[in-house]
Amino acid sequence: IAITGQSGSNGFDAGNYDLSYVTGDLVVNQRAVTLTASQQERAYGDTMVLDETAFTITDLDGDSALPNGEVIDTVALNSATGVDISTTSNVGTYADEIAITAQAGSNGFSVGNYDLSYVSGDLVVNQRTITLTASSQDRIYGDAIVLDETAFTVTDLDGDSALPNGELIDTVILNTDAGANVGTYADAIAITGQSGSNGFSATNYNLSYVGADLVVSPRAV
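Everything in this summary refers to the structure shown in the same document. (Residues numbered from 1 in each chain as written. Predicted model: local features only at pLDDT ≥ 70, side-chain atom pairs only at ≥ 80, totals over all residues. Heavy atoms only, no water.)

**Focus: the overall build of the chain**
Okay, step 1: For the chain, the count of helices and strands is zero helices and 14 strands.
Okay, step 2: For the chain, the α and β elements follow one another from N to C terminus as β-β-β-β-β-β-β-β-β-β-β-β-β-β.
Okay, step 3: A compact globule built from 221 residues should have a C-alpha radius of gyration of about 17 Å, whereas the chain, at 35 Å, is more than 25% larger.
Okay, step 4: Here the contacts in the chain between residues at least 6 apart in sequence split such that 69% fall between residues at least 24 apart.
Okay, step 5: Total accessible area on the chain is roughly 12700 Å²; 48% of this is exposed by carbon and sulfur atoms. (Helix = DSSP H or I, 4+ residues; strand = E, 2+ residues; numbered from the N terminus. Rg over C-alpha atoms; globule rule 2.2 N^0.38 Å. Contact = heavy atoms within 4.5 Å. Areas by Shrake-Rupley, 256 points an atom, 1.4 Å probe, with all protein chains shown as cover.)

Below is the structure:
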């Protein structure tokens, strides 16, 4: 900061003075900017790659625009407890799981010009959608109905029959409202529940049930 002149009062006259000027410093401080990780989601049993463009910027003046057209393009993200790659993390919201550790920018962005604050985001593990489909069953007219609770198929989120982590659904609970007479009773076998093993927990799944037919066949006499 250079002094190039002055003005005074109370009779001050510059001609009466031999004035010397000494320059002073001007300090440009870092600009305060906050980067906030956005919430991200995945299905139970899957892993994920964190989206490094999922964040928001709050500039010193309250909007999202940095000065001079500078841009923060991506941030480096870290899952604090590894929920992003853990297929066994249960369904739920993991608060502040996604932490920002760095950033990269363009259009002249230099991190040295900014006082950057980081705010973590949540990682949500959603229920995994699977479908249990009852298989058709039959009985002979006059016999008691004993439904086979292992007669069903599983369709996982990815289209096959295998659940993640080696989990199994071993049996389903079946009910029927079929009549006693000979005939085919469409969708008369309904699934109302299930039991599993190898760590299976129904709360981690969004379960859909599809019924099946029950056939009453004539009795040979």
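**As for the pattern of salt bridges**
Okay, step 1: A full pass over the atoms with the stated rule returns six salt bridges.
Okay, step 2: Two residues, Asp 156 and Arg 128, come together in a salt bridge whose shortest N-O distance is 2.8 Å. With Asp 156 in the loop between strand E10 (152–155) and strand E11 (168–176) and Arg 128 in strand E8 (residues 128–134), the pair connects residues that are 28 residues apart, well separated along the chain. Judged on exposure class, the residue Asp 156 and its partner Arg 128 are both buried.
Okay, step 3: Three or more residues joined by partner-sharing salt bridges are found here, namely Asp 46, Arg 128, Asp 156 and Asp 158. (Salt bridge = Lys/Arg side-chain N within 4 Å of Asp/Glu carboxyl O. Buried < 20%, exposed > 50% of the residue type's maximum accessible area, 1.4 Å probe, protein only.)

**Section: the packing of aromatic side chains**
Okay, step 1: Evaluation of the coordinates by the stated rule reveals four aromatic pairs.
Okay, step 2: Measuring from centroid to centroid gives 5.2 Å for Phe 109 and Tyr 114, while their planes differ by 25°, and the two rings are stacked. By the burial criterion, Phe 109 is buried, and Tyr 114 matches it.
Okay, step 3: An aromatic cluster of at least three residues, connected via ring pairs, comprises Tyr 44, Phe 200 and Tyr 205. (Phe/Tyr/Trp six-rings, centres within 6.5 Å; stacked < 30°, edge-to-face > 60°.)

**Examining the sheet that holds strand E13 (residues 205–210)**
Hydrogen bonds along the backbone pair up the strands of a sheet, which may run parallel or antiparallel.
Okay, step 1: Ordered by their spatial adjacency, three strands build an open sheet running E10-E8-E13, and the pairing between neighbours is mixed. In the strand order of this sheet, the two ends are held by E10 and E13, each with one partner. The average undirected angle you get between the axes of adjacent strands in this sheet is 20°. (Pairing = 2+ DSSP bridges. Axes fitted to C-alpha atoms, helices over the stretch in contact; angles between N-to-C directions.)

**Topic: the environment of Asp 51**
Okay, step 1: Along the chain, Asp 51 turns up in the loop between strand E2 (40–43) and strand E3 (55–58).
Okay, step 2: Asp 51 has contacts with Gln 40 and Leu 77, leaving out every residue within four places of it along the chain.
Okay, step 3: At 2.7 Å, the side chain of Asp 51 forms a polar contact with the side chain of Thr 53. (Polar contact = N/O pair within 3.5 Å; in protein donor to acceptor, adjacent residues only side chain to side chain.)

**Observations regarding the pairing of strand E12 (residues 183–197)**
Okay, step 1: Here E11 runs beside E12; their pairing, made up of eight bridges, is antiparallel. Within the sheet, the bridge partner assigned to Thr 171 lies in E12 and is Ser 195.
Okay, step 2: Between the antiparallel neighbours E11 and E12 lie six residues.

Geometric values such as these leave the question of function open.
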